[in-house]
Structure formats: structure tokens, C-alpha cells
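Here is what each chain is made of, one letter per residue.
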Amino acid sequence: MLSLLAAVSLASSYCGLAKVQEAAGDFCGTSAGCIYPLPQLAAQGSPIGTPPTLDPQNFHVECQPTGHPACGLTVLPAVERIKARIFPVRNGTGTSAGSLISGLVIKLSSTQQVALQHGVNESYELTVPNASGSMRITISAATEWGALHGLETFAQSVSLLKGTDHNWFPTPQPFYGLMLWPPARIVDSPRTAWRGLM
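Everything numeric in this text was worked out from a predicted model, so none of it was measured.

Visitor: Would you mind going over the pairing of strand β6 (residues 134–141) with me for this structure?
Guide: Within a regular strand, the side chains alternate between the two sheet faces. Pairing of strand β4 (residues 100–108) with β6, which is carried by eight bridges, proceeds in the parallel orientation. Note that in β6 the partner of V105 across the bridge is T138. With four bridges connecting them, strand β5 (residues 124–128) and β6 associate as antiparallel partners. Residue pairing for β6: T127 is matched across the bridge by T138.

This is the structure we're talking about:
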């Protein structure tokens, strides 16, 4: 069993690696902190101005193809859990001067549900378009398991912000900001086929 001291040391080493990568100009430099685990490929626009805003009352999620069994059984229930976690305050939040993220589209390329087992494709691609006004984030994945990883990355990218933070345009209320500046693209998959401790 891993001792508490060893676990803290391991976590410190991992965070130290992240800081080294941040200093080297890696993706770890957003105001929301790092995305863990660090994506294999990540790119975003220049973090200038106010980040895109998410409105919890008008944030819609769509899973494609419509009628895919994994959408109803795995993906959309996970979306509801993620929304409850990233939007703890649903009323009383405002918007910023940035673009509005109106929703999320999850696209599965598999034609049926896939059992989670060794060798399953868990890769995903998350994209934030470079558009003014209203736009939607896309998570493309071969299976529902990749989509779940993409949802976690998305969840880590959302922060409840004050309008006066970081010299952004003042807003009368806090707002949810996406800490990925468009155009953004993240491609990732588990680095090992099996993870565990001996």
C-alpha cells in the first residue's frame, strides 16, 4: 500500500513536472490551472480579453448519433453529473463580454455500445471553434469511454469567475468562463492500456 508521504511526494513530483511544462510554454498555463492528466496534444488561441461564457440555464448538450444506445445509458447521465459539479450556482450568474458557449455536442463514431475492457479505444478530441457570438464545443470520440474522458477535460476547463478578475471587463455578477481560448483543440487518450500499482 502506498503510504501517505509517498503519495504526497508522487503528487508533488507530478505537479512539479506540470510547472516545468508550463514554463516551457505547454498547455498548463491557463488561469484555471492545469488539466490533469496533461493532454497529449493541446493548442489554444491567445488568452487575451474575456474568456467565453457559459450560461447554466441555457447550456444544451446533444449526443450523436441520435438514438445511439450509449448516449442514453452512459453519456447523457454522465453529462448530468458533470453539470451538477461544474455549475454549483445555477441562478445569479451573469455573462461576460466574451463569446457565449451555448452547448456541447458529443459525437460517437462507434455504431453500438462498447464494453469497457482491455484494448478499448478511449481517445477523444475536444474542439472550441473560433467564432463570435454563440458557439458549441464538440467532443468527438470512437466510444462512450473516450467521450467520458473528454467530458472530464471539459469540466476541468470551466471556472466560476468574478468580472474583475485578471483585468477582465467588469460584470455585475460572477460568470462561468471556459478557460480555453478559441480556437482550441485537445486530443488525448490513456497513455497506458492498463493502470495500477503493485
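Next comes the rest of the description.
Visitor: Would you explain the pattern of salt bridges in this entry?
Guide: Charged atoms that come close allow side chains of opposite charge to pair. Counting across every chain of the model gives three salt bridges. A salt bridge links R136 to E62, with the nearest nitrogen and oxygen atoms 3.1 Å apart. Here the residue R136 occupies a position in strand β6, and E62 occupies one in strand β3 (residues 60–64), the gap between them amounting to 74 residues. Residues E152 and R85 are paired through a salt bridge, measuring 3.0 Å at the closest nitrogen-oxygen approach. Of this pair, E152 sits in helix α3 (residues 144–156) while R85 sits in helix α2 (residues 69–86), and the two are 67 residues apart along the sequence.

Visitor: Any chance you could explain α3 here in plain terms?
Guide: Between its terminal C-alpha atoms α3 stretches 19 Å, which fits the 18 Å expected from 13 residues at 1.5 Å a residue. For α3, the complete set of buried residues consists of E144, W145, G146, A147, G150, L151, T153, F154 and A155.

Reading the values: the criteria
- Residues numbered from 1 in each chain as written.
- Predicted model: local features only at pLDDT ≥ 70, side-chain atom pairs only at ≥ 80, totals over all residues.
- Heavy atoms only, no water.
- Pairing = 2+ DSSP bridges.
- Helix = DSSP H or I, 4+ residues; strand = E, 2+ residues; numbered from the N terminus.
- Salt bridge = Lys/Arg side-chain N within 4 Å of Asp/Glu carboxyl O.
- Expected span 1.5 Å × (residues − 1).
- Buried < 20%, exposed > 50% of the residue type's maximum accessible area, 1.4 Å probe, protein only.

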